[in-house]
Amino acid sequence: MIGRLNHVAIAVPDLDTAVAQYKNVLGATVTDPVDQPDHGVTVVFVELPNTKIEFLYPLGDKSPILNFLEKNPAGGIHHICYEVDDILAARDKLVSEGARILGDGEPKNGAHDKPVLFLHPKDFCGTLVELEQA
């Protein structure tokens with residue numbers, strides 16, 4: 001069901017510092033920040049030849065990233081994202097297998113303006129998994 005690894009998301013306490021480290025120290029290509037109000041984050045992508053790194057920075061007082069950063073003040077890996085061909089078919093298959101979909105179970109548009117769903121970390125080895133329709 002899952003395809004390519006789309007990205008690994010890292011929650012960061014300081015977006016400017018994270019961008020500078022990857023751009024200046026590692027020599028990476030880094031996108032401009034984009035606010036994602038529906039998800040409560042500002043995102044920046046580090047573009048790699050085979051995938052991307054997504055920096056997540058809290059946007060607003062109700063950002064889900066705030067809780068993560070309270071527990072992990074230095075930041076850290078927040079989730080991994082896999083591509084799927086058909087997000088609704090993937091959701092239905094996962095639910096039939098007993099996996100839990102976070103939220104209301106309906107896809108929302110993610111940072112790439114494509115439908116995404118998040119899967120409960122307790123069902124996937126303690127890892128928050130995002131599915132994105134390719």
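Here, the structure is the one placed above.
Just so you know, these numbers come straight off a predicted model, no measurement behind them.

Rules used throughout
Residues numbered from 1 in each chain as written. Predicted model: local features only at pLDDT ≥ 70, side-chain atom pairs only at ≥ 80, totals over all residues. Heavy atoms only, no water. Helix = DSSP H or I, 4+ residues; strand = E, 2+ residues; numbered from the N terminus. Buried < 20%, exposed > 50% of the residue type's maximum accessible area, 1.4 Å probe, protein only. Arc of directions from axis to C-beta. Contact = heavy atoms within 4.5 Å. Polar contact = N/O pair within 3.5 Å; in protein donor to acceptor, adjacent residues only side chain to side chain. Disulfide = S-S within 2.5 Å.

Chemist: Break down the environment of Phe 68 for me, with residues and values.
Modeler: Among the structural elements, Phe 68 can be located in helix H2 (residues 64-71). When its relative accessible area of 18% is taken as the criterion, Phe 68 is described as buried. Measuring from C-alpha to C-alpha, the distance between Phe 68 and Ile 10 comes to 10 Å, with 58 residues separating the pair along the chain.

Chemist: Which residues make up helix H3 (residues 87-96), and what values do they have?
Modeler: Of the residues making up H3, those classed as buried are Ile 87, Ala 90, Arg 91 and Leu 94. Seen along its axis, H3 keeps its buried residues to an arc of 100°; they face one direction. In this fold, the buried residues of H3 make contact with strand S6 (76-84), strand S8 (115-119) and strand S9 (129-133). Measuring from the backbone nitrogen of Leu 88 back to the side-chain oxygen at the start of H3 gives 3.1 Å, which picks out Asp 86 as the cap. Backbone geometry just downstream of H3 places Gly 98 in the positive-phi region, at approximately 95°.

Chemist: Account for the state of the cysteines, naming residues and giving values.
Modeler: Using the criterion set out here, one finds zero disulfides in the structure. You can see Cys 125 has no disulfide; the closest cysteine sulfur is in Cys 81, sitting 17 Å from it.

Chemist: Tell me about helix H1 (residues 15-25), residues and numbers included.
Modeler: Residues Leu 15, Ala 18 and Val 19 constitute the buried set of H1. Looking straight down H1, one finds that the buried residues subtend no more than 95° of arc, so they occupy a single side. What points out from H1, more than 90 degrees from its buried face, is the exposed set Asp 16, Asn 24 and Val 25. For H1, the elements touching its buried residues are strand S2 (29-30), strand S4 (41-47) and strand S5 (52-58). Regarding H1, its N-cap is Asp 14, as a side-chain oxygen of that residue lies 3.1 Å from the backbone nitrogen of Asp 16 further along.

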